[in-house]
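# Observations on chain architecture
The chain contents come next:
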Amino acid sequence: MALAEFKNPSPYEARLRKEFAEGGRSDEAVRAWNAFAAAGLPHRRLEGWRWTDLRGALAEAGGESPAPVAPIELDALAIIRIENEDVTIEGGDDVAGLSARVVDGPPEPFASHAVSDLGRAFASQTVLIEVSGKIEQPILIIHRGGAGRNGDAVDIHVAPGGSARIVEIIQSAGGSFHHVGARIVLNESASLTRSVIQDAAEEAVLVGLASATLGANARFCQSSVALGGKLARLETHLKFDGDGASASIDSAALVSDSRHADFTTIVAHNAEACETRQRHKGVADGRGRAVFQGKFFVDRAGQRTDADMQANAILLSDGAQANHKPELEIYADDVECAHGSTCGALDDGALFYLRQRGLDEASARALLIEAFVGEILDDMDAAAAPAARAMVENWLEARGR
Amino acid sequence: MLKIDNLHASVEDTQILKGLSIEVPAGEVHAVMGPNGAGKSTLSHVVAGRDDYDVTDGDVTLDGENVLELDPSERAAKGLFLSFQHPMEIPGVATMNFIRTALNAQLKARGEAEVSAADFLKLIREKAKLVGLTDEKLKRPFNVGFSGGEKKRMEMLQMAIFEPRFCIMDETDSGLDIDALKMVGDVVNAMRGPGRGFLVITHYQRLLEHIRPDRVHVLAGGRIVKSGGPELAAELETSGYDQYIEAA
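These numbers were taken from a predicted model, which means no experiment stands behind them. (Residues numbered from 1 in each chain as written. Chains lettered and ligands numbered in written order. Predicted model: local features only at pLDDT ≥ 70, side-chain atom pairs only at ≥ 80, totals over all residues.)

### Re the sheet that holds strand β1 (residues 2-11) of chain B
Residue and element names in this part refer to chain B. Note the following rule: DSSP bridges decide pairing: two strands pair if at least two such bridges lie between them. Numbering of helices and strands starts at the N terminus; helices are DSSP runs of H or I of at least 4 residues and strands are runs of E of at least 2. By definition, residue pairs are in contact when their C-beta atoms, positioned from the backbone, come within 7 Å. Helix axes are fitted only over the stretch in contact, all axes being lines through C-alpha atoms; the angle between N-to-C directions runs from 0 to 180 degrees.
Taken together, four strands build an open sheet; the order of strands is β2-β1-β4-β5 and the sheet is antiparallel. In the strand order of this sheet, the two ends are held by β2 (14-24) and β5 (65-66), each with one partner. Of the strand pairs in this sheet, β1 and strand β4 (residues 54-62) are connected by seven bridges, and their pairing is antiparallel. Residue pairing in the sheet places K3 in a bridge with T61 of β4. Lying over the sheet, helix α1 (residues 40-48) contacts β1, β2 and β4, oriented at roughly 75° with respect to β2.

Encoded structure:
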């Protein structure tokens, strides 16, 4: 099968093509590659990527000596490590209602998406997690990407009535391009709590793509905390396929120096009486940039949708930026959809109050920032919250708390 | 103890304090009364160190030490406490954790031993009873969903816990019902004594029925226009501030 060419390849795209052409690829991989090559790496002239220029960020990526990131480890029922695309699975093999294994081939495509196509083109294997019972203990997935390009693919299926807690830690080394795909299918009355901790070296480029499909009365709770990277985007596509399902999507980004963190979500209410609660908190310091793009799409079939989206940002310095794009696209007439977006500095009155009580300025600022993102951390799964909290504290410490 | 001498302060080029002088000796309670816009809140904020004001002239000293040079947190550690007229609601900040952090920050700055979690719990429970705040309120995020009166109780709780050397109470009586007014009086009366001073800023005489001040000062037009004994408060209640506004 012939390998398609890019129209006008950037040096990094040319490098990707060379890497792809050198491997022995299946027809399915070539089809995915050709779909990717037709679009190329997303860039800022595309509406959905105007604040997050992946092609631009990769123009200089790929340093030979990647800066490593200190590993975060947690206790879990099963630990799945994907390190430079090598998968190891520890534990969980004797747990009733849980199966975690590596299967050949890429995951199913979930959307027309260049990075998804890229991931599928390179993925020779997928981690498949199947849950058929109620699994109380958390399952930990550690994605670690070293030098060069690394792609991880995970498929999570929860059978009707099943439930699970997944914690994903995504750590990308400096100078690397790390793309992580997760496909989640929740059948009728299934539930999943997914916590994502994104930590990366300052020079890392990361795109995390997740798709979740919810059957009737399913419940999906996702909470993510990100420190960004040279460019880091966590993108979630959520689709309500059955009536009466619900989801909460929380995210917090803390970006400093010239880091960039992007949370993009598209929630499609294609069924009746589904509920979405979404909160985003962005904190940007230095020349950091926190991007939030949230879209609620309500199909004609999405009557009695109840959806709320709130995005708030705090800018700590003159050079910091927050870009918010909340969007509603509604075709049903009996819905409740709301969105709100705020952006500002720390409250001077609150700062003075705390300082009058004896806290020095740095501690007072840190307390207010912690309180601001605390709403997200407080509601995070207990399996992930301590690690996320520690990451936030380290971030504040580094800002001279 | 607290000496404010010829204090001039402005905010965004508007001169608000125009040569204000008050001296509160240790062990005394002084009241500052005045009409709206006289500069009462500016006085409390400038002494506590809010950045928004420019001190253009004058001195503020606590036991001889110039406090205008100090950061607000350093002033707090020296024992200067401000009970805010409009206390902040701070969502996401756990009340007990915050008050303990603040207390320990003050103790640490003074080189004193910090309080343990267990000792602090005992202390805050005891003082909370004094100011009429339930355990449930202490477990909430700081002041979130509190009524105006409850926020003032929270101010009094902190004052009782920090045991500051000098307390500035900025219209603590506003928004209080009769029971709460009495509580404020009880807290102040229990704390007043040698080595501690109070500056009670108020519009009305009613709080001064519970806290009998040693001196009363009338603030109008950014300076003290009259000082006298406690009887001055009663006199103001009947005669009003008009004569002083004109004089200023």
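### Quick notes on the interface of chain A and chain B
Selection rule: Only Asp, Glu, Lys and Arg are considered charged, only Ala, Val, Leu, Ile, Met, Phe, Trp, Tyr, Cys and Pro nonpolar, and every remaining residue, Gly among them, polar.
Taken residue by residue, the interface counts 16 residues in chain A and 19 residues in chain B. For the side of chain A that touches chain B, the per-class residue count stands at seven nonpolar, five polar and four charged.

### A short note on the sheet that holds strand β12 (residues 231-240) of chain A
Residue and element names in this part refer to chain A. If you trace the nine strands from one edge of the open sheet to the other, you get β3-β4-β6-β8-β10-β12-β14-β16-β18, paired in mixed fashion. Each edge of the sheet is formed by a strand with only one pairing partner; in this case those strands are β3 (98-104) and β18 (321-330). Ignoring which end each strand starts from, the neighbouring axes of this sheet average 10° apart. Here strand β10 (residues 205-214) runs beside β12; their pairing, made up of ten bridges, is parallel. Within the sheet, the bridge partner assigned to V205 lies in β12 and is L231.

### Side note on the packing of helix α6 (residues 361-378) of chain A against helix α7 (residues 385-398) of chain A
All names here are of chain A. Inclusion rule: Oblique is the label for any angle not under 35 degrees, not over 145, and not in the 65 to 115 range, which are roughly parallel, roughly antiparallel and roughly perpendicular in turn. In this scheme the handedness of a crossing depends on how the near helix is turned from the far one: anticlockwise by less than a right angle means left-handed, clockwise means right-handed.
Relative to each other, α6 and α7 sit at 155°, their axes nearing to 11 Å. One element, α6, and the other, α7, form an angle in the roughly antiparallel class. The element α6 and its partner α7 pack so that their crossing is right-handed. The segment α6 lies against α7, with A366, I369, E370, V373 and L377 engaging A385, A388, R389, V392 and L396. Considered class by class, the residues forming the contact of α6 with α7 number eight nonpolar, no polar and two charged.

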